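Summary of the model geometry
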Amino acid sequence: AGYWLLHSSRRGVAVGLSFVGAACFLVVAPESFWERMGTILGPQDSNPWIRNAVEPSKGERLELWHLATREFKKYPIAGIGPANFLEVSANELPHATDPYFGKSGLQTHNSWLQIACEYGILGILVWGGAFFFSMLCHRKARRLLQGEPRWEWFAAICLGFDAGTLSSALMLCFMSFHWYDYHYWHFVFGPIALGIARRVRAREDWLKPKERVDEVAAPRYGRRRTG
């Protein structure tokens, strides 16, 4: 939403609607949301806003992030291998238990760190480069059709995809969801949007009427003599 506000021509209305939407969300937010957010503000045992049943989300994440960083430093080029962090966390952090399956070992809750740990610098360059390239394609597609009548809707769609790609990249800082297919659709939509924008730009330029320049014809038999 913040990224969209930067490109909105009516920022005052957009900011007002954002505040109204945030207020409505806080009013209807379930109790489980506040309990989950309470794990970020303080330790589980000393935090009066949460129940004891809620796992110490903040503490676990910090431990998992530290472990992923340490493993990345051991194997910085190619990493420890795909899907191996779960086994490493089970051995290094036996108290970190999956609340859904009851088994030791957790993902990093940070896809960027997990990719760096499991795939090394090569994986981060490919993964991060795909996000950057997709956003670059969306921005270039919007610029190609900027001010073009009848194609404002396409620029708006590109802005939406651009914001979605950025939101996806930010969400991955707190979740290990890098295997979900919607991330890879973001990588595909960017080049597709740029290809469409280039075709449209070429067609619109071809359809525009050419400026007529009336040139004076040269004399048929050489230069005219004056005087």
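What you are looking at is a predicted structure, and each value in this text was computed from that prediction instead of being measured. Along each chain, numbering runs from 1 in the same order as the chain's sequence is written. Totals for whole chains, interfaces and linings use all residues, but because this is a predicted model, local features are given only for residues with pLDDT of at least 70 and pairs of side-chain atoms are given and counted only at 80 or more. Excluded from the side-chain calculation are hydrogens and water; included are all heavy atoms of the structure.

1. Some remarks on a nonpolar patch on the surface
A patch is a set of surface residues, each over 30% in relative accessible area and not in a salt bridge, joined within 9 Å for like charges and within 5 Å for the nonpolar side chains Val, Leu, Ile, Met, Phe, Trp and Tyr. Calculation of accessible area relied on Shrake-Rupley with a 1.4 Å probe; when residues are assessed, cover is drawn exclusively from the protein chains displayed. Here, a salt bridge means any side-chain nitrogen of Lys or Arg that lies within 4 Å of a carboxyl oxygen of Asp or Glu. Taken together, the side chains of Trp179, Tyr180, Tyr182, Trp185, Val188, Ile192 and Ile196 make up a nonpolar region of the molecular surface, amounting to roughly 660 Å² of accessible area. Only runs of H or I of at least four residues qualify as helices and only runs of E of at least two qualify as strands under DSSP, and these elements are numbered from the N terminus. With respect to the helices and strands, the residue Tyr182 is situated in helix H8 (residues 181-207). According to the relative accessible area criterion, Tyr182 is partly exposed, its value standing at 34%. Any residue under 20% of the maximum accessible area for its type is buried, any over 50% is exposed, and the rest in between are partly exposed; the area is computed with a 1.4 Å probe on protein chains only.

2. Topic: unusual backbone geometry
Leave glycine aside and you will find that most residues have negative phi; peptide bonds, for their part, are mostly trans. The phi dihedral of Ala83 is positive, around 60°, even though this residue is not glycine. Following the sequence through the fold, Ala83 ends up in the loop between helix H4 (57-74) and helix H5 (85-92). Although it is not a glycine, His109 adopts a positive phi angle of roughly 60°. When you line up the elements, His109 lands in the loop between H5 and helix H6 (111-144). Looking at His109, the relative accessible area reads 23%, which means it is partly exposed.

3. Remarks on the pattern of salt bridges
One pass over the full model with this rule turns up six salt bridges. Here Asp162 ties to Arg142 by a salt bridge, and the two come within 3.1 Å at their closest N and O atoms. Note that Asp162 is positioned in helix H7 (residues 152-171) and Arg142 in helix H6, a separation of 20 residues in sequence. In this pair, the class of Asp162 matches that of Arg142, namely buried. As a salt-bridge pair, Arg203 and Glu204 come within 3.5 Å of each other at their nearest N and O atoms.

4. Describing H5
Of all the residues in H5, the buried ones are Phe85, Val88 and Ser89. Seen along its axis, H5 keeps its buried residues to an arc of 95°; they face one direction. Exposed positions of H5 whose direction lies more than 90 degrees from the buried face are Glu87 and Asn91. What the arc covers is the set of directions going from the helix axis to the C-beta atoms.

None of this, on its own, says anything about what the molecule does.
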